Every structure is written in structure tokens, then in C-alpha cells.
Amino acid sequence: IEFVQKRIDQENLILQIETKSTSNKSNVMPTTMNEFKKHPTYVLVKDFPARQGVHPTTAPAGMFKGHEVFYRSDLKDLHTKSQWTKKYRQVREECILEPVKVNKRKLPPKEVEKRRNATNGTNNSGVLNTLNSEGYLHFGLYGEWQTEPLKRLELGPNKEIPTNEYGNVDVFNG
């Protein structure tokens, strides 16, 4: 029985040493730009995922060759206005023209033509959701700190059903 107990104690000690060495490796800041890409703790601003960002008040963890370095745990998910609406939240009016990030996506030629024939420009969201000359759609991404709970729309004075900015009725589950 003593032999078995010693064996278990040795295995536990080896396991503790291995976990400490791997955790120490992940806490050391990388020394090359390439090491930041898949690092579990640190990330460069240029390597942020497309739909993630940091709160403007978040302080960087440091600098590396002129680039700000943040902790991966500081990254927050970003969503478009319509995605926040599906999560029962709405972008605050004062934040509509100040998205955390502006992404772009290439539209197929038929969609480009359709949008150019309809309306090009702001569609009630400032300078966002615009189509440029190369056929890219620019759209703003917002953080949860830029939103508020979705306000429930009430029936109008003549029992009119409220509609969205496109004249459609929004139906929510719940």
C-alpha cells in the first residue's frame, strides 16, 4: 500500500510541475510578431478577430515594436445594429456614428447593382452601410457598452402597428 501511495504522490508532483511550466509559458510575452497570432494570453491590435474589439477604456498590457498588446480576455464580441436587435438590445443614438469597428464585405455583382438602383448611402444609420465604388459594403460593429435594452414599441394613437425604418413589422419571440 505504501508503494502505491508513493507512486500516486510522484504522479501528482509530476502533474503539478507540468501545469506550472505550461502556465508560465503562456504568461510570457512573445518575442516575435508571429508568436502573437496564436498566443493564448496576448494579442496585437492588428490580429484582433474580425468581430471582436476592446472597450475604449481598456488599457493595453504593453507595447511590442510600436503595436499595442492586449490580453485576449479583454476582447469583447461586436455586433451590427440588426444583430443587437435580435439580442433584444439597441444601439444608443449617440453611438450610431461611432462604431468600435467598421468592417467591409464584397458583394456579388447582382447585389451591387440592386443596391445602387435602390438607395446608396446612409439608410438612417449615418455614414455606415454604404456601398463604395469597388462593390464593398461597409458596416459598423458595436460593443455591448454602446447598447441599451430594446424599448418596447407601443401601438399608435389609432391602433397603428409600429414599423421599422424599412416599413416592415418587427416580430420578436417572447
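Residues numbered from 1 in each chain as written. Predicted model: local features only at pLDDT ≥ 70, side-chain atom pairs only at ≥ 80, totals over all residues. Heavy atoms only, no water.

Looking now at the overall build of the protein chain. When helices and strands are tallied, the protein chain shows four helices and 10 strands. Reading the helices (α) and strands (β) of the protein chain from amino to carboxyl end gives α-α-β-β-β-β-β-α-β-β-α-β-β-β. A buried classification covers 26% of the 174 residues belonging to the protein chain. A separation of at least 24 residues holds for 62% of the contacts in the protein chain among residues at least 6 apart in sequence. As presented, the protein chain carries roughly 12700 Å² of accessible surface, and 54% of it is formed by carbon and sulfur atoms. (Helix = DSSP H or I, 4+ residues; strand = E, 2+ residues; numbered from the N terminus. Buried < 20%, exposed > 50% of the residue type's maximum accessible area, 1.4 Å probe, protein only. Contact = heavy atoms within 4.5 Å. Areas by Shrake-Rupley, 256 points an atom, 1.4 Å probe, with all protein chains shown as cover.)

This part covers the environment of Lys46. For Lys46, the location among the structural elements is in the loop between strand 1 (42-44) and strand 2 (52-53). Excluding residues that lie within four positions of it along the chain, Lys46 makes contacts with Met33, Lys37 and His67.

Below, the discussion takes up unusual backbone geometry. Of note, the phi angle at Tyr88 is positive, near 60 degrees, even though the residue is not glycine. By the element assignment, Tyr88 lies in the loop between helix 3 (81-86) and strand 6 (89-91).

By the element assignment, Thr147 lies in strand 10 (residues 147-149). Thr147 gets classed as buried once you look at its relative accessible area, which sits at 6%. A distance of 2.7 Å separates the side chain of Thr147 from the side chain of Arg89, its partner in a polar contact. In this view, Thr147 contacts Trp84, Arg89, Gln90, Val91 and Arg92; residues no more than four positions away in its chain are not counted. (Polar contact = N/O pair within 3.5 Å; in protein donor to acceptor, adjacent residues only side chain to side chain.)

What follows covers the pairing of strand 4 (residues 67-71). In terms of strand pairing, strand 1 meets strand 4 through three bridges, oriented antiparallel. In the strand pairing of strand 4, Tyr42 is matched with Tyr71. Both strand 3 (residues 62-64) and strand 4 contribute to a ladder of three bridges, which runs antiparallel. Bridging across to strand 4, Gly62 finds its partner in Val69. Where strand 3 folds back onto strand 4 in an antiparallel hairpin, the turn is made up of two residues, including Lys65, whose phi is positive at roughly 50 degrees. (Pairing = 2+ DSSP bridges.)

Inspection of every chain in the model, using the stated rule, returns three aromatic pairs. Taking the ring centre of Tyr136 as reference, the NZ or CZ of Lys104 above it sits at 4.6 Å. (Phe/Tyr/Trp six-rings, centres within 6.5 Å; stacked < 30°, edge-to-face > 60°. Lys NZ or Arg CZ within 6 Å of the ring centre and 35° of its normal.)

Once that is clear, we can look at the pattern of salt bridges. Taken as a whole, this structure holds five salt bridges when the rule is applied. Close ionic contact of Lys46 with Asp47 constitutes a salt bridge, the shortest N to O distance being 3.4 Å. Since its relative accessible area comes to 46%, Lys46 is described here as partly exposed. Lys151 serves as the salt-bridge partner of Glu148, at 3.3 Å between the closest nitrogen and oxygen. Given the relative accessible area of 23%, Glu148 is considered partly exposed. (Salt bridge = Lys/Arg side-chain N within 4 Å of Asp/Glu carboxyl O.)

Across the sheet, which stays open at both edges, the three strands sit in the order 1-4-3 with antiparallel pairing between neighbours. For this open sheet the edge positions go to strand 1 and strand 3, each flanked by a neighbour on one side alone. With direction set aside, neighbouring strand axes in the sheet form an average angle of 40 degrees. (Axes fitted to C-alpha atoms, helices over the stretch in contact; angles between N-to-C directions.)

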